[in-house]
Number of protein chains: 2
Amino acid sequence: MTEPATKRVTSADVARLAGVSRATVSYVLNDTPRQTISAGTRDRVREAAAQLGYAPSAAARTLRTGRSDVVLYLLPDWPIGPEVGLALEALSSALARHGLTLVVHPGNREDRPMTELWKAITPAAVIAYAEFSDAEIAAMRSAGVALVVALSRKRGHGRELAVPQELLGRRQAEHLVRAGHSRLGYAYPDDHRVRFFAEPRLAGVRAACAARRLPTPVGLTVPLDPAAAADAVRRWRATGVTAVCAYNDEVALAVLAGVRLVGLSAPDDLAVIGVDDIPPARLAEPALTTVATDQSVLGAHLAATVVAAMSGRVAPTLPTGVVRVVTRASA
Amino acid sequence: MTEPATKRVTSADVARLAGVSRATVSYVLNDTPRQTISAGTRDRVREAAAQLGYAPSAAARTLRTGRSDVVLYLLPDWPIGPEVGLALEALSSALARHGLTLVVHPGNREDRPMTELWKAITPAAVIAYAEFSDAEIAAMRSAGVALVVALSRKRGHGRELAVPQELLGRRQAEHLVRAGHSRLGYAYPDDHRVRFFAEPRLAGVRAACAARRLPTPVGLTVPLDPAAAADAVRRWRATGVTAVCAYNDEVALAVLAGVRLVGLSAPDDLAVIGVDDIPPARLAEPALTTVATDQSVLGAHLAATVVAAMSGRVAPTLPTGVVRVVTRASA
DNA sequence: ATCACACGGTTACACGTGTAAGTTCGAGGG
DNA sequence: CCCTCGAACTTACACGTGTAACCGTGTGAT
């Protein structure tokens, strides 16, 4: 049952086969700049490594250098949508191109103190949605974590890396205003855990309205339930709202369901715009207009920022045109 | 800029503070069965460890034991929905309870050969959707990976761990038949990458029909586009189909959109049932009937299976009642 | 002829842990 | 009194890697 488990291929094996010392193997495979190795030896070592299928032990490497090539990505504890999956894939690809490995960990802060995890892994960087306390950040730093990145809004501690959430709200409002609406509503999510995202988005909508001297948007919490959403729709109608920005596509779909339930129709009676462009958006009745983020360029940008920060260089600026409005029928 | 980075707390520090040897610390903290330690010493060691905030280095531990406590979960390269996130969270919690750490890696087989990853990490177990080749499995085994779990249907190589996909299709068909339908359709996804899931689900529908001596379901590929879905709906109607099982909720939503587009209505003209119960399902027009899987018990079961297999015990059987039909308006 | 020096390597150590193999010591049996 | 034996520890080694420090050798300058 318990197999002999043919021993791991180590750099010593490669060295033996190539007829050099183990140090030489290390120098060749890591392209150590200080050390010069003849072209002939380089080839022999590379050949031997490939032939044996050698892959260095991450454990030993981490132990030696004190830092692993792992970037830890802590998922939030609220439900994630398909767009997160896309972003992760892009981020992973981009990081891999820089020799870094993305590791995603579901954020169950309760089960096991997060500290155990990064103390154990000693990742090169930690990316998380929620903010860390100053004490946590200090602890990580001293534990060898090179970079701590929070994707939420407060500035100063980390860097603002994700798409500025305000921008999403602003784009929503701009689209609605351009379509002739002046009295807007905001559909707030029912889940208090996402307020880190919802608040800045709402702030973006508010800012856009204020800039145009329009009345401040009337915000209502909209659960993912047609009947509850119908209530919200009635209240918006009563206050003269003609178009609503929703926190995301799911909330927007709820609003659309509410509109249908009260016997009205979008966008004539109430225009609706979402965020994310999830697949069901274009299948809704009516098809949902939404603000989409290009997750692949976003992932690449995030990776570039992490890499830059680790090598001490200055972070690149977020490329423009990452978010765009997908115009469909609902607004 | 580069901080002094207060050195890592090691077991040697704990030993010094507790006034014992480093080995004793290891014995205490790991509850090594062979070794007896007095209660007094145990307390002193534990106290010291807590006081210093000691967490053992995963790298050193892995290097020494040759196996890490990481369970590697390889995500597929097709888009994932919210249900995957829920399952991961449950799995992570359950594994943590057994001292294992879940690590999720987006499956970009192109960027970096997967071999590099598990050769580097030496995980305790690997969970993946797609199947591995025999060579890959042999390589993992010999590299020390304790268990390889394939979530796909082919038996023999790995273990069938997830919910049998056939069951999902069967439940769909049973619900429709019980509602009085006899001529069924199957809405196949447009993405060839998910055939590992789609084929067994379709097989389940076929089996349910065959068991009741009903005609074999007529399968059509349905892209996530209302117009294309409308075509499919017309063809189903032409062949006398009165109800369709969709690969998942998104495809089902597309079918519903198609139904509306051709001026018909569900479930009277065509009943539709999906799989997954994603949030937009209950917000659709009409609300989508679907087959839901309890991700939390599934995650716990998956964790139990992994743990059992690692310790050589026999795998538990999948608890019954994990999948249930959520009846709404569409079927 | 001598020296400095870049080239192309090798030797040796450290990283932090688990654990097999000792070591000390007090108790209990003959 | 001696021997054995278990409890309670300690000592010592191995895991696989990166890298600083050392070393021989040819080569061009003095």
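Residues numbered from 1 in each chain as written. Chains lettered and ligands numbered in written order. Predicted model: local features only at pLDDT ≥ 70, side-chain atom pairs only at ≥ 80, totals over all residues.

**A few points about the overall build of chain A**
No. 1: Secondary structure assignment for chain A yields 12 helices and 10 strands.
No. 2: Within chain A, buried positions represent 48% of all 331 residues.
No. 3: Considering only contacts within chain A whose residues lie at least 6 apart along the sequence, 70% involve residues at least 24 apart. (Helix = DSSP H or I, 4+ residues; strand = E, 2+ residues; numbered from the N terminus. Buried ≥ 20, exposed ≤ 12 C-beta atoms within 10 Å, placed from the backbone. Contact = placed C-beta atoms within 7 Å.)

**Section: unusual backbone geometry**
No. 1: In the segment running from Ala 266 of chain A into Pro 267 of chain A, the intervening peptide bond is cis, with an omega of 5°.
No. 2: Although it is not a glycine, Asp 276 of chain B adopts a positive phi angle of roughly 120°.
No. 3: Given 24 C-beta atoms within 10 Å, Asp 276 of chain B falls into the buried group.

**Points about helix 5 (residues 82–96) of chain B**
For an α-helix, the turn length of 3.6 residues means that residues three or four places apart are oriented alike.
Residues and elements named next belong to chain B.
No. 1: Across its 15 residues, helix 5 extends 21 Å between first and last C-alpha, which sits within 8% of the 21 Å expected from 1.5 Å per residue.
No. 2: Summarising burial for helix 5: 11 of the 15 residues are buried, a large majority.
No. 3: Those residues of helix 5 not exposed but buried are Pro 82, Val 84, Gly 85, Ala 87, Leu 88, Glu 89, Ala 90, Leu 91, Ser 92, Ala 94 and Leu 95.
No. 4: Where the residues of helix 5 are buried, they touch strand 1 (70–74), strand 2 (101–105) and helix 12 (295–310). (Expected span 1.5 Å × (residues − 1).)

**Side note on the domain arrangement of chain A**
All names here are of chain A.
No. 1: Splitting chain A by domain gives domain 1 (11–56), domain 2 (66–163 + 296–321) and domain 3 (165–294).
No. 2: Facing the 13 residues of domain 2 at the interface are 13 residues of domain 3.
No. 3: Sorting the residues of the side of domain 2 that touches domain 3 by element identifies helix 5 (82–96) and helix 12 (295–310) as the ones contributing at least two each.
No. 4: Partitioned by chemical class, the residues of the side of domain 2 that touches domain 3 number seven nonpolar, three polar and three charged. (Domains from an automatic or database assignment. Nonpolar A, V, L, I, M, F, W, Y, C, P; charged D, E, K, R; others polar.)

**Let's talk about the protein's contact with DNA strand D**
No. 1: The local shell around DNA strand D holds 30 residues, among which Thr 10, Ser 11 and Ala 60 of chain A together with Ser 21 and Ala 23 of chain B are the closest.
No. 2: For the surface near DNA strand D, the secondary structure elements donating two or more residues are helix 1 (11–18), helix 2 (22–30) and helix 4 (58–65) of chain A together with helix 2 (22–30) and helix 4 (58–65) of chain B.
No. 3: A class-by-class count of the residues in the surface near DNA strand D yields 10 nonpolar, 13 polar and seven charged. (Near = placed C-beta within 6 Å.)

**Digging into the protein's contact with DNA strand C**
No. 1: Around DNA strand C, a shell composed of 30 residues is seen, among which Ser 21, Ala 23 and Ser 38 of chain A together with Thr 10 and Ser 11 of chain B lie nearest.
No. 2: Every element with two or more residues in the surface near DNA strand C is listed here: helix 2 and helix 4 of chain A together with helix 1 (11–18), helix 2 and helix 4 of chain B.
No. 3: Looking at the surface near DNA strand C residue by residue, the class counts come to 10 nonpolar, 13 polar and seven charged.

**Considering the sheet that holds strand 7 (residues 243–246) of chain A**
Residues and elements named next belong to chain A.
No. 1: With respect to topology, six strands assemble into an open sheet ordered 6-5-7-8-9-10, the strand pairing being mixed. In the strand order of this sheet, the two ends are held by strand 6 (218–222) and strand 10 (323–326), each with one partner. Going across the sheet, the axis of each strand differs from the next one's by a mean of 25°, ignoring polarity.
No. 2: Relative to strand 7, strand 5 (residues 184–189) runs parallel, the two being bridged by four bridges. Looking across to strand 7, one finds that Leu 184 is bridged to Ala 243.
No. 3: On top of the sheet, helix 8 (residues 165–178) reaches strand 5, strand 7, strand 8 (271–275), strand 9 (289–293) and strand 10; it is set at about 155° to strand 8, its chief contact. (Pairing = 2+ DSSP bridges. Axes fitted to C-alpha atoms, helices over the stretch in contact; angles between N-to-C directions.)

**Details of helix 10 (residues 226–238) of chain B**
All names here are of chain B.
No. 1: The end-to-end C-alpha distance of helix 10 is 18 Å, a good match for the 18 Å that 13 residues give at a rise of 1.5 Å each.
No. 2: Of the positions making up helix 10, those classed as buried are Pro 226, Ala 229, Ala 230, Ala 232, Val 233 and Trp 236. Across the axial projection of helix 10, the buried residues extend over an arc of 165°, all falling on one side. Along helix 10, the residues that are exposed and aim more than 90 degrees away from the buried face are Ala 227 and Ala 238.
No. 3: Residues of helix 10 that are buried in the fold lie against strand 5 (184–189), strand 6 (218–222), strand 7 (243–246) and helix 11 (249–261).
No. 4: Residue Gly 240 follows helix 10 closely and has a positive phi angle near 80°. (Arc of directions from axis to C-beta.)

**A short note on the sheet that holds strand 6 of chain B**
Sheet strands pair by backbone hydrogen bonding; their relative direction is either parallel or antiparallel.
Residue and element names in this part refer to chain B.
No. 1: Strand order in the open sheet formed by six strands is 6-5-7-8-9-10, with mixed pairing between adjacent strands. For this open sheet the edge positions go to strand 6 and strand 10 (323–326), each flanked by a neighbour on one side alone. This sheet shows a mean twist of 25° between the axes of neighbouring strands, independent of strand direction.
No. 2: Both strand 8 (residues 271–275) and strand 9 (residues 289–293) contribute to a ladder of three bridges, which runs parallel.

**So, the packing of helix 8 of chain A against helix 9 (residues 195–211) of chain A**
Residues and elements named next belong to chain A.
No. 1: At a closest axis distance of 7 Å, the pairing of helix 8 and helix 9 adopts a crossing angle of 45°. As far as their axial angle goes, helix 9 and helix 8 are oblique. Along this stretch, helix 8 crosses helix 9, giving a crossing that reads as right-handed. Between helix 8 and helix 9, the residues in contact are Gln 165, Glu 166, Leu 167, Leu 168, Gly 169, Arg 170, Gln 172, Ala 173 and Glu 174 and Phe 197, Pro 200, Arg 201, Leu 202, Ala 203, Gly 204, Val 205, Ala 207, Ala 208 and Cys 209, respectively.
No. 2: Split into classes, the residues belonging to the contact of helix 8 with helix 9 amount to 11 nonpolar, four polar and four charged. (Parallel < 35°, antiparallel > 145°, perpendicular 65-115°, else oblique. Left-handed = near helix turned anticlockwise from the far one by under 90°.)

**A few points about the nonpolar core**
No. 1: Judged by nonpolar contacts, the single largest core of 96 residues is most densely connected at Val 255 of chain A together with Val 255 of chain B.
No. 2: Beyond its immediate chain neighbours, meaning those up to four positions away, Val 255 of chain A contacts Ala 187, Val 222, Ala 229, Val 233, Val 244, Ala 246 and Val 272 of chain A.
No. 3: Judged by nonpolar contacts, the second largest core, of 78 residues, contains Ile 80 of chain A together with Ala 58, Leu 74 and Ala 125 of chain B. (Core = buried A, V, L, I, M, F, W, Y, C linked by C-beta atoms within 7 Å.)

**Description of the environment of Ala 304 of chain B**
Residue and element names in this part refer to chain B.
No. 1: Of note, Ala 304 is situated in helix 12.
No. 2: Judged by the 19 C-beta atoms lying within 10 Å of it, Ala 304 falls in the partly exposed class.
No. 3: Residues Ala 304 and Ala 257, 47 residues apart in the sequence, show an inter-C-alpha distance of 41 Å.

**A look at the environment of Val 241 of chain A**
Residues and elements named next belong to chain A.
No. 1: Tracing the chain through its elements places Val 241 in the loop between helix 10 (226–238) and strand 7.
No. 2: Taking the C-alpha atoms as reference points, Val 241 and Ala 125, separated by 116 residues in sequence, lie 45 Å from one another.
No. 3: In this structure Val 241 touches Arg 183, Leu 184, Gly 185, Val 218 and Trp 236, once residues within four positions along its chain are discounted.

**Details of the packing of helix 5 of chain B against helix 12 of chain B**
Residues and elements named next belong to chain B.
No. 1: Where helix 5 meets helix 12, the closest approach of the two axes is 7 Å, and the angle between their N-to-C directions is 45°. When the axes of helix 5 and helix 12 are compared, the pair comes out oblique. Our pair here, helix 5 against helix 12, has a crossing hand that is right-handed. Counting all contacts with helix 5, which are made through Glu 83, Leu 86, Ala 87, Ala 90, Leu 91, Ala 94 and Leu 95, the residues of helix 12 involved are Gln 295, Ser 296, Leu 298, Gly 299, Ala 300, Leu 302 and Ala 303.
No. 2: For the contact of helix 5 with helix 12, the class distribution of residues is 10 nonpolar, three polar and one charged.

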